[in-house]
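One-letter residues, chain by chain:
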Amino acid sequence: MRLDGLDKQIVAHLVLDARASFAGIGAEIGLSAPAVKRRVDRLRAAGVIRGFHARVDPHALGWTTEALVRITCAPRTSPGRLLACLRGHPEVIGADSVAGDTDAVLRTTATDVRHLEEVLDRLRDEPLVLGTRTTIVPSRLLEHAGGGPFGPPPVGTD
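Note on numbering: residues in each chain are counted from 1, in written sequence order. Per-residue local features of the predicted model are confined to residues with pLDDT of at least 70, and side-chain atom pairs are confined, for both listing and counting, to 80 or more; whole-chain, interface and lining totals are unaffected and use all residues. The basis for the side-chain values is all heavy atoms of the structure; hydrogens and waters are excluded.

K.L.:
Please explain the sheet that holds strand β2 (residues 92-97) as it appears in this structure.
P.N.:
Two pairing modes exist for strands in a sheet, parallel and antiparallel, and in both the strands are linked by backbone hydrogen bonds. By the convention used here, strands pair only if DSSP detects at least 2 bridges between them. Secondary structure follows DSSP: runs of H or I at least 4 residues long count as helices, runs of E at least 2 residues long count as strands, and numbering of each begins at the N terminus. Strand order in this open sheet of 4 strands is β2-β3-β1-β4, and the pairing throughout is antiparallel. Bordering the open sheet on either side are β2 and β4 (129-137), each of which pairs with just one other strand. The mean inter-strand angle of the sheet, taken between neighbouring strand axes irrespective of direction, is 20°. Bridge count for strand β1 (residues 65-73) against β4 is 8 bridges, and the pairing is antiparallel. Bridge pairing in β4 links R70 to R133. Contact between two residues is taken to exist if any of their heavy atoms lie within 4.5 Å; hydrogens are not considered. Every axis in this analysis is a line fitted to C-alpha atoms, fitted for helices over the stretch in contact. Angles between the N-to-C directions lie between 0 and 180 degrees. Taken strand by strand, helix α5 (residues 113-125) contacts β1, β3 (104-110) and β4, and its axis lies near 160° from that of β4.

K.L.:
Would you mind showing me how to read the confidence of the model for the protein chain here?
P.N.:
Detailed reading of predicted coordinates is not advised where the pLDDT is low. Residue-level pLDDT values for the protein chain average 90, and 91% of them are 70 or greater. For residues 153-158, every residue scores under 50 in pLDDT, and the model assigns this stretch 8 contacts once sequence neighbours within four places are set aside. For every residue, the predictor states its confidence as a pLDDT score lying anywhere from 0 to 100.

K.L.:
Even after reading the chapter, I still don't get the packing of helix α1 (residues 5-16) against helix α2 (residues 22-29), so can you show me in this structure?
P.N.:
The packing of two helices is summarised by the inter-axis angle and the distance between the axes. Closest axis-to-axis distance for the α1/α2 pair is 10 Å, and the angle between their directions is 130°. With respect to α2, the element α1 is oriented oblique. Between α1 and α2 the crossing geometry is right-handed. Across the interface between the two elements, L6, Q9, I10, H13 and L14 of α1 pack against I25, E28 and I29 of α2. The nonpolar class holds Ala, Val, Leu, Ile, Met, Phe, Trp, Tyr, Cys and Pro. Asp, Glu, Lys and Arg form the charged class, and all remaining residues, Gly among them, are polar. Per-class residue counts for the contact of α1 with α2 are 5 nonpolar, 2 polar and 1 charged. Here the angle decides the label: under 35 degrees means roughly parallel, over 145 means roughly antiparallel, 65 to 115 means roughly perpendicular, and every other value means oblique. By the definition used in this description, the sense in which the near helix is turned from the far one sets the handedness, with an anticlockwise turn below a right angle giving left-handed and a clockwise turn giving right-handed.

K.L.:
Where do I start with the pattern of salt bridges in this structure?
P.N.:
Pairing between side chains becomes possible if they bear opposite charge and their charged atoms approach one another. One side-chain nitrogen of Lys or Arg within 4 Å of one carboxyl oxygen of Asp or Glu is enough to make a salt bridge. Tallied over the full model, the rule gives 9 salt bridges. Across the pair D7 and R39 runs a salt bridge whose closest N-O atoms are separated by 2.8 Å. One end of the pair, D7, is in helix α1; the other, R39, is in helix α3 (residues 33-45), with 32 residues separating them in the sequence. One salt bridge connects D101 with R133, and the closest N-O pair in it is separated by 3.3 Å. With D101 in the loop between β2 and β3 and R133 in strand β4, the pair connects residues that are 32 residues apart, well separated along the chain. The buried label goes to any residue with under 20% of its type's maximum accessible area, the exposed label to any with over 50%, and the partly exposed label to all in between, with areas taken from a 1.4 Å probe on protein chains only. Given a relative accessible area of 60%, D101 falls into the exposed group. The class for R133 is partly exposed, based on a relative accessible area of 39%. The network of salt bridges with shared partners includes D4, D7, R39 and R42.

So, in structure tokens, the structure goes:
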């Protein structure tokens with residue numbers, strides 16, 4: 001699906017605030033609320049917009065320890081098998097397959113270091129995980145709301 005300038009502006013607004021009203025977005029970009037809704041429906045149907053999510057601060061829930069865990073998997077482990085394995089670990093809040101000396105990088109949260117150690121033990125007990133390397137994250141410096149090219153809405157473009 002090709003996105004025109006208005007589609008891109010709508011997506012940018014929703015990335016910044018998924019609860020933005022169609023009327024509010026329309027007022028910013030010069031469309032009526034029904035026109036914005038039609039475009040959002042089309043973007044959802046095409047898979048451009050895959051969903052709307054609440055972003056919760058893990059620290060507010062008592063999950064104050066974050067770590068990046070690089071894992072090495074058994075030979076010929078498919079991304080699908082790895083994903084199925086990781087879904088059983090609620091502390092894994094993000095995962096990317098990578099090229100290089102490890103197979104995937106996981107972003108994990110835990111209540112404390114002891115909890116993180118338990119998470120690592122459970123991951124290492126998975127038959128397809130051959131090894132892990134962990135880096136504690138003292139603070140996150142930058143996090144884009146939606147990632148990719150859709151940062152703040154462009155000003156003065158169509």
